[in-house]
Number of protein chains: 8
Amino acid sequence: MIEETTITRAIAGKYMEKLLKSVESDVCIVGGGPSGLVAAYYLAKNGFDVSLFEKKLSLGGGIWGGGMMFNRVVVQGNALEILDDAGIEYEKYDDTHYVVDAIELASGLTYNAIKAGAAIFNLINVEDVMIRDDRMAGLVINWTAVEISNLHIDPMTVACKAVVDATGHDASVCNIVARKTGKLSLAGEKYMWAEKAEEAVVENTSEVYPGLFVTGMSVAAVYGLPRMGPIFGGMLLSGRKVAELVKEKLRY
Amino acid sequence: MIEETTITRAIAGKYMEKLLKSVESDVCIVGGGPSGLVAAYYLAKNGFDVSLFEKKLSLGGGIWGGGMMFNRVVVQGNALEILDDAGIEYEKYDDTHYVVDAIELASGLTYNAIKAGAAIFNLINVEDVMIRDDRMAGLVINWTAVEISNLHIDPMTVACKAVVDATGHDASVCNIVARKTGKLSLAGEKYMWAEKAEEAVVENTSEVYPGLFVTGMSVAAVYGLPRMGPIFGGMLLSGRKVAELVKEKLRY
Amino acid sequence: MIEETTITRAIAGKYMEKLLKSVESDVCIVGGGPSGLVAAYYLAKNGFDVSLFEKKLSLGGGIWGGGMMFNRVVVQGNALEILDDAGIEYEKYDDTHYVVDAIELASGLTYNAIKAGAAIFNLINVEDVMIRDDRMAGLVINWTAVEISNLHIDPMTVACKAVVDATGHDASVCNIVARKTGKLSLAGEKYMWAEKAEEAVVENTSEVYPGLFVTGMSVAAVYGLPRMGPIFGGMLLSGRKVAELVKEKLRY
Amino acid sequence: MIEETTITRAIAGKYMEKLLKSVESDVCIVGGGPSGLVAAYYLAKNGFDVSLFEKKLSLGGGIWGGGMMFNRVVVQGNALEILDDAGIEYEKYDDTHYVVDAIELASGLTYNAIKAGAAIFNLINVEDVMIRDDRMAGLVINWTAVEISNLHIDPMTVACKAVVDATGHDASVCNIVARKTGKLSLAGEKYMWAEKAEEAVVENTSEVYPGLFVTGMSVAAVYGLPRMGPIFGGMLLSGRKVAELVKEKLRY
Amino acid sequence: MIEETTITRAIAGKYMEKLLKSVESDVCIVGGGPSGLVAAYYLAKNGFDVSLFEKKLSLGGGIWGGGMMFNRVVVQGNALEILDDAGIEYEKYDDTHYVVDAIELASGLTYNAIKAGAAIFNLINVEDVMIRDDRMAGLVINWTAVEISNLHIDPMTVACKAVVDATGHDASVCNIVARKTGKLSLAGEKYMWAEKAEEAVVENTSEVYPGLFVTGMSVAAVYGLPRMGPIFGGMLLSGRKVAELVKEKLRY
Amino acid sequence: MIEETTITRAIAGKYMEKLLKSVESDVCIVGGGPSGLVAAYYLAKNGFDVSLFEKKLSLGGGIWGGGMMFNRVVVQGNALEILDDAGIEYEKYDDTHYVVDAIELASGLTYNAIKAGAAIFNLINVEDVMIRDDRMAGLVINWTAVEISNLHIDPMTVACKAVVDATGHDASVCNIVARKTGKLSLAGEKYMWAEKAEEAVVENTSEVYPGLFVTGMSVAAVYGLPRMGPIFGGMLLSGRKVAELVKEKLRY
Amino acid sequence: MIEETTITRAIAGKYMEKLLKSVESDVCIVGGGPSGLVAAYYLAKNGFDVSLFEKKLSLGGGIWGGGMMFNRVVVQGNALEILDDAGIEYEKYDDTHYVVDAIELASGLTYNAIKAGAAIFNLINVEDVMIRDDRMAGLVINWTAVEISNLHIDPMTVACKAVVDATGHDASVCNIVARKTGKLSLAGEKYMWAEKAEEAVVENTSEVYPGLFVTGMSVAAVYGLPRMGPIFGGMLLSGRKVAELVKEKLRY
Amino acid sequence: MIEETTITRAIAGKYMEKLLKSVESDVCIVGGGPSGLVAAYYLAKNGFDVSLFEKKLSLGGGIWGGGMMFNRVVVQGNALEILDDAGIEYEKYDDTHYVVDAIELASGLTYNAIKAGAAIFNLINVEDVMIRDDRMAGLVINWTAVEISNLHIDPMTVACKAVVDATGHDASVCNIVARKTGKLSLAGEKYMWAEKAEEAVVENTSEVYPGLFVTGMSVAAVYGLPRMGPIFGGMLLSGRKVAELVKEKLRY
């Protein structure tokens, strides 16, 4: 027998198994940047069924490029615990700032989220949402390649009990909910103020619509907070906090 | 003082430090797919100064997409040792085939290469090579963004004692050397035959021009071997072997 | 329970069932234009496991547009039997020419091929071939959307006993075989001469490499025959003939 | 005499005959997706002069791609009658859901609409409408290729007694009427809720402006209904219902 | 009755009449630049059935832009007779050079060719040729919009006794004949030398393959003559000469 | 001496002469479609200094393509006088409709406008206007090629006593005036109603702002009239009427 | 040692030195057209730390193209002093107008700004601003190549005491401030009136938000002034005036 | 009178004066990078009529971007004299290397070439050459915007006694001469070796065809020399040398 057919069967079969399992999860996280990955890590670690959908081919979002393609990023002291959990190294720069290799951060967070048990689907675009009884009930997904190719092909759906919008500046899940329910409005990100943004993002990480949580830069887009630069403390802490909030919610 | 300026200084300063250090390395690896990352991992672990240049924003190359966007890949039994070294999990499919999560493989290999000490530069395109006395002497690099933007901007150079072409199907470093020296010729990849390719790729992993080594699918392009599908045993073993060969070479 | 999850499960599950079944077929037909569909129809009707791969979203190839967007086509008298088999109507124009609605022809041939039992996969691109012991052993396939999106994603493979190249003017499967084995050469299509082409295409429908058959305009590309215009008699007859040849071949 | 000239004459002449006949029809259907094709089938079967204009090269709209390129779709039990009429096979999935091959559905509905006598024009874009005495009087059409090519070329017109907007999510005919008369407004499609949408689409299939009927997803766009996924029961029933409504209307 | 339907019928009907008549002509001229239009004018004036096919929307080719968008052109004294025939004004610049308004020249030549009786088809691309018994027998045409739109749609054919290649720098009809018969080769246009080119173009205007004539810049492409700038004497004289040659040929 | 330099001098010098003369004209017409050309013809014939600016390479606007690329157009009986003035032939279709060759109409109107003395500048885009004392004072022009090339290059200006907006559906000069003065508003073209539009366009041809006149489809855009199809009576009559209005105005 | 590594070290090291120094400047000028360069020149000459950020590869903005690609520009008599300061030649045209070579003006202003001590960064895009206590505090910058390449990469920041918006027609810094603070509104540029614009631009050169100054065409965009053509007196004077204003401001 | 018309007249008139004067020059330099500008500077300073044609909007070529967008470049000690002549500052890096601000170098060389009297035409593309009696006789030029816009517009010509190809890596003038005369062949640039290239470029700066000289990177393309990085000593020296060679040549 030809070996290649075994490979095809193994890959397609195992993927389908994973996909069919994720048709119903506890939590769907949209966006695989820093906050989404951290949220996935802590939720999966706590035993929840987590499905994370990332639009691009690779995970890590805006981390890879550091600042202006200089692939280093800064993390504040109060978030080092999360780096420690993920086994990511840092170098002290001054009393409150630590420098981290952008590639280590991107790959390390991804690697740990998977090892913690999160099911990650890349190349998947979230086109729409499902809402039942004024509560998030799931997502409408499609291949990103379908969107790029401009092909007219129907999406499919996955159900879940909670959705985390970790899509960043666009807060694209919140945008869909805002446009289609009228029960949520987005203030839009403000000008850069890293210091203020870092704190405010963590503080405002919350449930913005029944079953819909925001984390990371999506928080800024919803609450009109300042933007941040290539500094990731607030993002990581927001990811951890959203995991806590979802955990609380799903307990009931 | 404004905190953002500290961030700018930390990132730009630390990146430049890393870049200036990499102006002279022991080994330059071109391409951050499976073979390149494995080679970087074993060489760095052995104490060599390794600089890896990747054209894209993220590392991992063709691993992320699995087979046809089904993000699983297959690894053969004889390469499990490498997965074990990198802490990557696998599921047995049959006696010789194991299924691995593509995202775990991509992020895990990247994460481990960095932790082992390799300096990774993403978003960098290798435009040309430096040869002195008929031996590889370095690379001519530029930002990928410059190429995409179609801007007319000069490249810069980095020097090294050995170059590993891990660019995949294109074998793009070998191509430049072939075109500019006439002392190397590329047979071109053949039709798919996973089984045969897997073995042949490892066997033919070698030094193809003084100071220039090939690994992974670049081996197939140079020696006219069959292509492989989403099966990664040969790629990983070829990456480990090229690390051995470079080690030998640099000993003298 | 949410109804949408049932839909997702039904579609993904049933598709995967069909795909895994087609990982090994008797015949793989590449290209869903007139000749490919007719070949699929007669082979499936004769009980063979037929998988047809079409690059585009819809089946029917160049039939839909008729001549210069005037959606009518011409069929000669000697091919009316095939139209009768497929329940497609025609209007007599003169003693040898019959006019057919292009849309009826495209949809009718597709509909009949499926009803006869062929498994049709649209949106699939054939990237490469598998050859074992100098004989076609299968195809290397990928999503067309991957190619359009310019994403770097590995293909997968399907195995079969015979391949029919019904890709039209490009004869793209033959091209791959020619380039990679050197044992086949393509003469290239000549200038238009409908009358001559019609006969020659049927006559030259044949096995051009062990296990590889050509039909329709691919025949013209391989043998250097004239091109045809929007006249389909020869195409239909070539499709029926290739089905006969494959049948013969697979009998042993 | 050269045979090709006969072919040119046959095709161009017969197409023009069909086009000139369609310059005045009973019903113009815009859009050849599932609802438009079903409407065309039942109206033509009832003896009406039906002209269907489709923008793309092929008919079938979004059916071909199934859900996320998995070319299967789901139909509910209450629409099986329509599948039976069109000779399309289905496989029972559970008590209310049946799985259908997407390609069979797309080609089968097209094939049957033509056999029932509908005149189908593909590659035609509807640019504008004609209204006389506050009632739809016809359509302003052009080649789709003209629009793609960005050429400045005038359209032409066809007259009819009723127009069916089966253009899907865009409800593009309704949009033109809304923008140019101010007597119609579009609520816009809501988030996905297949179950609810299926029923509501059929219920709201109606005449939205004198002589203008909506069917399929256009209904959702006009009435602000939820979207559906790759489930086609409601679409088929809406197509059959709109045929009934038009029939009623044209009786007077 | 709605007036627009009359307009549709008048335009479509009358165009089709003209097209069907041109399915068989005496001469097909490809390209509506200066030489093609002059050839059409003199041939039509002499009573031949002339069909001219122009790829673009407007006729006149490169005349409209003058030199570097300065819409004036130069004509030499020996070609003034042709301008006089067409009622086009000129202003003396020096003893041998006259300045003409580019727009007057482009529109005047077009206007006169039509009034002389030539049937002009714009927006038509010549994809291929028909050859019978080693003699030009006709052209394979398609809409230019089809080519721009990248749609897969079959062409149609027209028959004629002589073909004039007036396509300019590309000599595209000659190119097709060269590639498909091997009995014609193109030397390629040389560097600019207006003076020499002007004379040589007229001198070499000739029949290059049985039934195929070249005129204007196509002559330069076939015979390897120098290019010309925005000076049109030689082009006009070549157009008149090719008309003479075709006249001779068709007399027998 | 090299002849080419004479050609360069003749073309550049003569063009500049014409351009510098047009820096101050009586009337600037923007747009070289049917109405603009007819207006240019009658104004130039009456001794006014007319400069016509056309964005494209060729003149004639939407005439060339006829209806849906069928290059015929319809003209009503009441506009035949204008065709007679321009020497353009027509064929009677019924009592009120005449069919004209689109290419003859486009080239004939252009040719006659120039012969009457209008200075026509093609390849020129009108970017802005000049207004002094609440009255049109001139135009701000640039090369169309600059706009297409997306180069950042300043425009230049020409002065005149009256401006005719003959830009068609966009009414682009009126749009600029509306946006920048707030003293003009555009109703926007309505749905097609050829009969009604034809009359209304002529009736509403007028001065819409001191020194700014509209003609042709620009009238429809300003006054919210229906669109027309490929029927040109109203366009031609509107062009003649605007010439009358400008003549009146400039008399004082 | 390989010489190229010295070059790399020299360039990267020296650039980084300059960049890190500019992380905190007195004044940041955005846009390197005429006004920005003049402002940079006078401010640097007066001993201020000036950083100028230009989006494009080259400095000089719209000067290079003159008027309509004719590379000459006009400067009025009252601005000759600035040309004299920069050693740029002019030719008298009439009593108030002088003609200057566009290339000399563009390169001369750039050359002089640098020699005066301004730090110029080309290829840098200003994405956002920093505001602290309702006062401009710095800029958020990124590589232009990142924006063109459509890569998702974080920006970095630079701090300063005053920002000069010299971005031209877009007034892009003012636009960001307007959108994000709501404390500034832009009237938008009006139609061309060179004479009036020239004076008004100088008069309105001012501080529009604490720490944010406008100069050149940005003034017109903010205050709703007319546009200018290729006449540069007002631009140069505005640049000199803004330098004065900033000087005043920073004195305290 | 309206002031803008004066501006239009001044700019267009003065440009045309300069252009018509350049219709015949002593030397035409193609390409305004470092070598072309230096050559223009020394030739103009020596009293020759110099016309320099640059394809882009700005002059300076590849200098502006420094190395990898770090806008600094390196110049060797032996070329400092040229920097001194042009008033460009440098900072000593080590015994043989000096660092120069890229923007100062680009603008300073341009500024000085103009002040020395060279006539510079930007936005001009050289399409072809003129050769008489086997000697360069001039250039065929067109607007770059015409090429970008893909418009079909004829070029014009300028005559000269010598042509300098300073087009860089492409050696585009040499390429045209090679292709059209067959009397010149290009070896193509080799891999980077700054040190060797610097010397070889100066040494090989020469007349490669009667009347055609190469300088800068064009020398490398013709003679197959190594490429250089962002180090400009050899380029400057080559520019000065080519000026000497042309001077010699034109003396007779």
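Given the structure is predicted, the values throughout are model-derived calculations rather than measurements.

**Q** Looking at this structure, I do not really get the overall build of chain A. What am I missing?
**A** Broken down by element type, chain A carries nine helices and 13 strands. Radius of gyration (C-alpha) of chain A: 18 Å, near the 18 Å computed for a compact globule of 252 residues. For chain A, the residues scored as buried account for 71% of the 252 residues in total. Within chain A, counting contacts between residues at least 6 apart in sequence, those at least 24 apart form 66% of the total. For chain A, the computed accessible surface area is about 7500 Å², with 47% contributed by carbon and sulfur atoms. Taking the 24 positively charged and 32 negatively charged side chains of chain A as two groups, their mean positions are separated by 4 Å.

**Q** Looking at this structure, I do not really get the packing of aromatic side chains. What am I missing?
**A** Any two aromatic rings considered together are summarised by their centre-to-centre distance and by the angle between their planes. Following the criterion strictly, the structure yields 73 aromatic pairs over all chains and no others. On the basis of an interplanar angle of 20 degrees and a centroid distance of 6.5 Å, the ring pair of A:Tyr15 and A:Trp143 is categorised as stacked. Of this pair, A:Tyr15 sits in helix α1 (residues 3-21) while A:Trp143 is found in strand β8 (residues 135-143), placing the two residues 128 residues apart along the sequence. Neither residue differs from the other here; A:Tyr15 and A:Trp143 are each classed as buried. Aromatic side chains E:Tyr41 and E:Tyr42 sit 4.8 Å apart centroid to centroid with 75 degrees between the ring planes, which places their arrangement in the edge-to-face category. Residue classification places E:Tyr42 among the buried positions, given a relative accessible area of 11%. One aromatic cluster is present, built from ring pairs that chain together A:Tyr15, A:Phe53, A:Phe121, A:Trp143, B:Phe70, C:Tyr15, C:Phe53, C:Phe121, C:Trp143 and D:Phe70. Its end group placed over the ring of G:Trp193, G:Lys196 keeps NZ or CZ at 4.7 Å from the ring centre.

**Q** What am I meant to see in the interface of chain B and chain A here?
**A** Many descriptions give the size of an interface as the accessible area lost when the pieces come together. The partner chain A presents 53 residues to the 53 residues of chain B that form the contact. Of the roughly 5000 Å² buried at the junction of chain B and chain A (both faces included), carbon and sulfur atoms supply 69%. Interface area lost by chain B to chain A is led by B:Glu3, B:Met69 and B:Tyr111, which between them contribute 14%. Our count for the chain B to chain A interface comes out at eight salt bridges. The salt bridge involving A:Glu91 is made with B:Lys14; its shortest N-O contact spans 2.7 Å. Counting across the interface, chain B meets chain A through 27 residue pairs in polar contact (both at pLDDT 80 or more). Along the lines of polarity and charge, the residues of the side of chain B that touches chain A split into 29 nonpolar, 11 polar and 13 charged.

**Q** Whenever I open this one, helix α9 (residues 233-250) of chain B confuses me. Can you help?
**A** Along an α-helix, residues three or four apart share an orientation, since each turn contains 3.6 residues. Compared with the 26 Å implied by 1.5 Å per residue over 18 residues, the 26 Å span of α9(B) between its first and last C-alpha is a close match. Buried residues of α9(B): B:Gly233, B:Gly234, B:Met235, B:Leu236, B:Leu237, B:Ser238, B:Gly239, B:Val242, B:Ala243, B:Val246, B:Lys247 and B:Leu250, and no others.

**Q** Help me understand the pairing of strand β8 (residues 135-143) of chain G in this model?
**A** Every regular strand shows the same layout, with side chains that alternate between the two sheet faces. Residues and elements named next belong to chain G. Within β8, eight of the nine residues are buried, which leaves the element mostly enclosed by the surrounding structure. As paired strands, strand β7 (residues 124-132) and β8 are joined by eight bridges and run antiparallel to one another. Within the sheet, the bridge partner assigned to Met130 lies in β8 and is Gly138. Where β7 folds back on β8, the antiparallel hairpin that results is connected by two residues, among which Asp133 adopts a positive phi of roughly 50 degrees. Summarising the sheet, β8 and strand β9 (residues 156-165) pair through four bridges and their orientation is antiparallel.

**Q** Just to check I follow, could you spell out the sheet that holds strand β4 (residues 91-92) of chain D for this structure?
**A** Spatially, β3-β5-β4 (chain D) is the arrangement adopted by the three strands of the open sheet, whose pairing is antiparallel. In this open sheet, the two strands that pair with only one neighbour each are β3 (72-76) and β4 of chain D. Strand direction decides the pairing type here: β3(D) and strand β5 (residues 97-101) of chain D, joined by five bridges, are antiparallel. Within the sheet, the bridge partner assigned to D:Arg72 lies in β5(D) and is D:Asp101. This element, helix α1 (residues 3-21) of chain C, spans β3, β4 and β5 of chain D of the sheet and lies at about 135 degrees to β3(D).

**Q** I would appreciate a short explanation of the state of the cysteines in the present structure.
**A** Within the structure shown, the criterion is met by zero disulfides over all chains. Cysteine E:Cys28 shares no disulfide, and the gap to the nearest cysteine sulfur, in E:Cys160, comes to 3.5 Å.

**Q** Honestly, the relation of the copies chain B and chain A in this entry has me stumped. Any pointers?
**A** Two chain copies here: they are related by a rotation about an axis and a translation along the same axis. Rotating chain B by 180 degrees about the axis while translating it 0.0 Å along that axis superimposes it on chain A, leaving an RMSD of 0.0 Å. Taken together, the rotation and translation describe the operation of a two-fold axis. Distance from the rotation axis, computed per C-alpha, reaches its smallest value in chain B at B:Ser107: 2.3 Å.

**Q** Just to check I follow, could you spell out the packing of helix α2 (residues 34-45) of chain G against helix α9 (residues 233-250) of chain G for this structure?
**A** Two packed helices can be described by the angle between their axes and the distance between those axes. Residues and elements named next belong to chain G. Direction vectors running N to C along α2 and α9 enclose 40 degrees, while the axes themselves pass 7 Å from each other. In terms of axis orientation, α2 runs oblique to α9. Here the hand of the crossing between α2 and α9 comes out right-handed. On α9, the residues that touch Pro34, Ser35, Val38, Ala39, Tyr42 and Leu43 of α2 are Met235, Leu236, Gly239, Arg240, Val242, Ala243, Val246 and Lys247.

**Q** I keep staring at the sheet that holds strand β4 (residues 91-92) of chain F and nothing clicks. Help me out?
**A** For sheets, the rule is that strands pair by backbone hydrogen bonds, running either parallel or antiparallel. All names here are of chain F. The antiparallel open sheet is built from three strands, whose spatial order is β3-β5-β4. Each having just a single partner strand, β3 (72-76) and β4 make up the two edges of the open sheet. Strand direction decides the pairing type here: β4 and strand β5 (residues 97-101), joined by two bridges, are antiparallel. Residue pairing across strands places Glu91 opposite Val99, the latter belonging to β5.

**Q** Help me out: how do you make sense of the pattern of salt bridges in this one?
**A** Inspection of the entire model under this criterion finds 168 salt bridges over all chains. G:Arg72 is the salt-bridge partner of G:Asp101, the closest N and O atoms lying 3.6 Å from each other. Here the residue G:Asp101 occupies a position in strand β5 (residues 97-101), and G:Arg72 occupies one in strand β3 (residues 72-76), the gap between them amounting to 29 residues. Overall, the relative accessible area of 13% leaves G:Arg72 in the buried class. Several salt bridges share partner residues, and in doing so they unite A:Glu127, A:Asp128, A:Lys180, D:Glu189 and D:Arg227 into one network.

**Q** Explain the environment of G:Glu189 to me, please; I cannot follow it from the model alone.
**A** Positionally, G:Glu189 belongs in the loop between α6 (172-181) and α7 (194-204). The buried category is assigned to G:Glu189, whose relative accessible area is 19%. Excluding residues that lie within four positions of it along the chain, G:Glu189 makes contacts with F:Lys180, G:His169, G:Met217, G:Ala220, G:Ala221, G:Leu225 and G:Arg227. Engagement of the side chain of G:Glu189 in a polar contact is seen with the side chain of G:His169, the distance being 2.4 Å.

**Q** Any chance you could explain the confidence of the model for chain A here in plain terms?
**A** Reading predicted coordinates in detail is not appropriate for stretches of low pLDDT. Mean pLDDT over chain A stands at 96; residues scoring 70 or higher make up 100%. For this predicted complex, the interface score ipTM comes out at 0.97, while the overall pTM is 0.96.

**Q** Sorry, what's going on with the arrangement of the chains here?
**A** Between chain A and chain E there is no contact, and the shortest C-alpha to C-alpha distance separating them is 15 Å. At their nearest point, the C-alpha atoms of chain C and chain H are still 25 Å apart, with no contact between the two.

**Q** Looking at this model, I keep getting lost on the side chain of F:Ser218. Mind explaining?
**A** Residue and element names in this part refer to chain F. As for its position among the elements, Ser218 is in helix α8 (residues 217-223). Residue Ser218 is classed as buried on the basis of its relative accessible area, which comes to 0%. Reaching out from Ser218, the side chain makes a polar contact with the backbone nitrogen of Thr167 at a distance of 3.3 Å. Of note is the side chain of Ser218, whose polar atom sits 3.0 Å from the backbone nitrogen of Gly168. Among all residues touching Ser218, those that are not within four sequence positions of it are Asp165, Ala166, Thr167, Gly168 and Ala171.

What counts and what doesn't
- Residues numbered from 1 in each chain as written.
- Chains lettered and ligands numbered in written order.
- Predicted model: local features only at pLDDT ≥ 70, side-chain atom pairs only at ≥ 80, totals over all residues.
- Heavy atoms only, no water.
- Helix = DSSP H or I, 4+ residues; strand = E, 2+ residues; numbered from the N terminus.
- Rg over C-alpha atoms; globule rule 2.2 N^0.38 Å.
- Buried < 20%, exposed > 50% of the residue type's maximum accessible area, 1.4 Å probe, protein only.
- Contact = heavy atoms within 4.5 Å.
- Areas by Shrake-Rupley, 256 points an atom, 1.4 Å probe, with all protein chains shown as cover.
- Lys, Arg positive; Asp, Glu negative; His and termini not counted.
- Charge placed at Lys NZ, Arg CZ, Asp CG, Glu CD.
- Phe/Tyr/Trp six-rings, centres within 6.5 Å; stacked < 30°, edge-to-face > 60°.
- Lys NZ or Arg CZ within 6 Å of the ring centre and 35° of its normal.
- Buried area = accessible area lost by both parts, 1.4 Å probe.
- Salt bridge = Lys/Arg side-chain N within 4 Å of Asp/Glu carboxyl O.
- Polar contact = N/O pair within 3.5 Å; in protein donor to acceptor, adjacent residues only side chain to side chain.
- Nonpolar A, V, L, I, M, F, W, Y, C, P; charged D, E, K, R; others polar.
- Expected span 1.5 Å × (residues − 1).
- Pairing = 2+ DSSP bridges.
- Axes fitted to C-alpha atoms, helices over the stretch in contact; angles between N-to-C directions.
- Disulfide = S-S within 2.5 Å.
- Least-squares fit on C-alpha atoms with pLDDT ≥ 70 in both.
- Parallel < 35°, antiparallel > 145°, perpendicular 65-115°, else oblique.
- Left-handed = near helix turned anticlockwise from the far one by under 90°.
- pLDDT = per-residue confidence, 0-100.

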